[in-house]
Amino acid sequence: MLAVVAQVPVPYPSWLNTGDNTWQLVAATFVGLMSLPALAVLYASIVQKKWAVNVLAMMFAGFSLVLIAWVLWSYKMGFGANSIGHGVSVVNGVAVQHDLTGVGWVKHFFDNFVGIPGSISSSGAESGQAVSAANTAIPFHFPTTTLAFFQFVFAAITPLLFLGSVLGRIKFSAWCLLVPLWSTLVYGVDAFMLWGGGYFAQEGALDFSGGYVIHMSAGVSGFVAAWVLGPRLLRDRQHAVPNNLVMAAVGAGILWLGWNGFNGGDPYYAGVDAAAAVINTNLATAAGLLVWIGMDAWLTKEKKPTFLGGVNGMICGLVGITPCAGWVNGQGAIAIGVICSAIVWVAWNYLSKLRPFSKVDDALGVVYTHGIAGLFGGLLLGVFGNPGMLEYGCGNLSANGQVLHTSQTAYGATTAHCTPFSVSGLLYTGSAHQLWEQLRAAVWVIFWSALVTFILMKLIGLVLRGARYKDEVLEVGDLAIHGEEAFPVESLAERVGAFSMAGVGAESPASERVGAGRESPSAHPGERLPSGEPDS
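All of these numbers come straight from a predicted model, not from anything done at the bench.

Asker: Where do I start with the overall build of the chain in this structure?
Answerer: Regarding its fold elements, the chain presents 21 helices and four strands. With 536 residues in all, the chain has 52% of them scored as buried. A total of about 23000 Å² of accessible surface is found on the chain, and carbon and sulfur atoms cover 66% of it.

Put into structure tokens, the structure is as follows:
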């Protein structure tokens, strides 16, 4: 007879696994740091100094806007347990995928198109166990808030990435409208389709951490938005000198190491595959960086290894391995880093001279380092996917979903009731089936991202009577838009102060006071900073 134990206070329910919950929150924080400060510092340091504050302001505003939208309605669109067409719904507390066969592809597609929007801000939603069709095989070992925050930082970084395409001319107000709308209508749909148990997930397309949903979508959307906006000022394009390469290195370094959480957190459990994803991420990144530096040193007219080229190669490796990280081995990871970096290097140096790329001012080349690298990374999963790299194996679970008495042999063995999950690519099976599914999903993401971004940019332009600033504002940059400068010159304050004391102060508009007292360094292309760098 079992003894009755008195109820006592406990810190969490038995379905929660502290290791999984802790790793997921830590991984999410790593990914958050990739946006703030990493991407903000990187972008703000490689643009002209007159745009640094504008980049920082749009980064922080975009991050905040996505979070509010994510909690109030977008999370359930991408990761909710119920789709609008009820192709996915909750049955006995578990998200179940319906209509997998026999209903026709049109019904199957639209029944599994996007989740039903809804808030997760209530006490019940924040404290209950996570339930999503993103993972129907194994119960989540953490609450909805952990899953929601982890997925939020992915949602947040995506529009911040394509800010690199449109900076230097997009209105701050246009950006603040574009981000939540784009995150809802593009990211929410693509996330559900590929990650949330939607149509392409059910068809067999895979994206480990966002090569398609995040990077390719950001590259395509940024390219289309840049096309609609038109180019930066001619002088800005001809004199695009980075303002601080040392700080750019800081941002790039945090971005690289933050990616350990980006890919390491996506198995959703602190297990073997998370560790494999982390090491593969770093292998591909190192390979990509070295390839780009080598190609710069050997194949360009200057024959010089460049730091910014190394950063581009680093990003290509990171992006290329993202859709594959836990499903390829180390050799595959190195190959993916090499291939993606080499392809993007060629595109950057040669494809950029051909239409339509030569006619669109993608300021930081996001369509290359994220769009093209994400595309080829996703396709290469269909080649290098290794059936020996198990994301989930077989074993015994307790009533609360915790792993019990599972040996390494049992974990990798197929039984009548369980088949370990891995990906089988062309290189190992001779079959192009996975490659075909990857291609279908890529075509969808490119189409949907381009279409919706084009419509949103046109609508925002109509609402705001133009989505880009006038040329006179673009000539000045940060001071005209935000009234701030990243690197204010002390003599400027003295000049403004002198005018203020002379009576050009409180009665005059701020723009008149600043304009009257400021000899803009950007008006003198030959002037040099104390560091010796051209002022830009």
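Asker: What should I look at first to understand helix α8 (residues 211-229) in this one?
Answerer: Residues that lie three or four places apart on an α-helix share one face, since the helix turns once every 3.6 residues. Over its 19 residues, α8 runs 26 Å from end to end, which matches the ideal 27 Å to within 8%, given 1.5 Å per residue. Where α8 bends most, at S217, the angle is about 30 degrees. Buried residues dominate α8, accounting for 17 of its 19 residues. At the C-terminal side of α8, G230 shows a positive phi close to 90 degrees.

Asker: Explain the packing of aromatic side chains to me, please; I cannot follow it from the model alone.
Answerer: The way to describe two aromatic rings as a pair is by their centre distance and the angle between their planes. A complete count under the given rule lists 37 aromatic pairs for this structure. Plain terms: the ring middles of F162 and W175 are 6.0 Å apart, the flat faces sit at 80 degrees to each other, and that makes the pair edge-to-face. Of this pair, F162 sits in helix α5 (residues 144-166) while W175 sits in helix α6 (residues 172-194), and the two are 13 residues apart along the sequence. With respect to class, F162 is no different from W175; both count as buried. What links up through ring pairs into an aromatic cluster is the set W70, Y75, F79, F140, F142, F150, F154, Y187, W195, W259, F262 and Y268.

Asker: How should the side chain of Q434 be read in this particular structure?
Answerer: Here Q434 shows up in helix α17 (residues 433-464). Residue classification places Q434 among the buried residues on the basis of a relative accessible area of 11%. Non-local contacts of Q434, meaning those with residues more than four positions away in its chain, are made with G204, A205, L206, G382, V423 and S424.

Asker: Explanation requested: the state of the cysteines in the structure shown.
Answerer: Put plainly, two cysteines are in a disulfide when a covalent bond ties their sulfur atoms together. Counted by the stated rule, this structure contains one disulfide. In this model C394 forms its disulfide with C418; the gap between the sulfur atoms is 2.0 Å. An S-S torsion of about -90 degrees defines the bridge between C394 and C418 as left-handed. With C394 in the loop between α14 (366-384) and β3 (396-397) and C418 in the loop between α15 (408-411) and α16 (426-429), this pair connects stretches of sequence that are 24 residues apart. No disulfide involves C316; its nearest neighbouring cysteine sulfur is the one of C340, lying 7.4 Å away.

Asker: Whenever I open this one, the environment of L380 confuses me. Can you help?
Answerer: On the secondary structure map, L380 appears in helix α14. A relative accessible area of 12% places L380 in the buried class. Discounting residues that sit within four places of it in the chain, L380 has contacts with I336, I339, C340 and G385.

Asker: Hey, could you run me through the environment of V153 in this one?
Answerer: Among the secondary structure elements, V153 is positioned in helix α5. Note: C-alpha distance between V153 and F30 (123 residues apart in sequence) is 9.1 Å.

Asker: When you look at the pattern of salt bridges in this model, what are you seeing that I'm missing?
Answerer: Should the charged atoms of two oppositely charged side chains come close, the side chains can pair. Here the structure, examined in full by the defined rule, presents five salt bridges. In this structure, K50 and D236 form a salt bridge, with 3.0 Å as the shortest nitrogen-oxygen distance. A residue pair is termed long-range when its members are at least 10 positions apart, and K50 in the loop between α1 (18-46) and α2 (52-79) and D236 in helix α9 (residues 234-238) qualify at 186 residues. Taken individually, K50 and D236 each receive the classification buried, so the pair is uniform in this respect. Close ionic contact of R232 with D361 constitutes a salt bridge, the shortest N to O distance being 2.8 Å. Of the two residues, R232 is situated in the loop between α8 and α9 and D361 in the loop between α13 (330-349) and α14; the sequence distance between them amounts to 129 residues. Three or more residues joined by partner-sharing salt bridges are found here, namely E203, E437 and R440.

Asker: Where do I start with the packing of helix α10 (residues 245-264) against helix α12 (residues 307-321) in this structure?
Answerer: The description of two helices packed together rests on the angle between their axes and the distance between the axes. Contact geometry for α10 and α12: axes closest at 11 Å, N-to-C directions at 10 degrees. It follows from the interaxial angle that α10 and α12 lie roughly parallel. The handedness of the crossing between α10 and α12 is left-handed. For the pair formed by α10 and α12, the contact residues are L245, A248, A249, A252, L255, W256, W259 and N263 on the first element and F307, L308, V311, M314, I315, L318, V319 and I321 on the second.

Rules used in this analysis
Counting restarts for each chain: residues are numbered from 1 in the order of the written sequence. Local features in this predicted model are restricted to residues of pLDDT 70 or higher, and side-chain atom pairs are both shown and tallied only at a pLDDT of 80 or more, whereas totals for entire chains, interfaces and linings draw on every residue. Side-chain numbers come from the whole structure's heavy atoms, not from hydrogens or water. In this text, helices come from DSSP runs of H or I with a minimum length of four residues, and strands from runs of E with a minimum of two, each type numbered from the N-terminal end. The rule is simple: take the accessible area with a 1.4 Å probe, protein chains only, and divide by the maximum for that residue type; under 20% is buried, over 50% is exposed, in between is partly exposed. All accessibility values rest on the Shrake-Rupley procedure with a 1.4 Å probe; residue burial counts only the protein chains present in the view. A helix's residues, less one, multiplied by 1.5 Å, set its expected span. We define the bend at any residue as the angle between the axes fitted to the seven residues before and including it, ending there, and the seven starting there. The pairing test for Phe, Tyr and Trp rings, Trp by its six-membered ring, is centres within 6.5 Å, and the orientation test on the planes gives stacked under 30 degrees, edge-to-face over 60, and tilted for anything in between. We call two residues contacting when some pair of their heavy atoms lies within 4.5 Å. Only a pair of cysteine sulfur atoms within 2.5 Å counts as a disulfide in this structure description. What makes a salt bridge here is a side-chain nitrogen of Lys or Arg within 4 Å of a carboxyl oxygen of Asp or Glu, nothing more. Between N-to-C directions, angles cover 0 to 180 degrees, with each direction set by a line fitted to C-alpha atoms, over the stretch in contact for helices. Reported orientations rely on four angle classes, namely roughly parallel under 35 degrees, roughly antiparallel over 145, roughly perpendicular from 65 to 115, and oblique for the rest. What makes a crossing left-handed is the near helix being turned counterclockwise from the far one by less than a right angle; a clockwise turn instead makes it right-handed.

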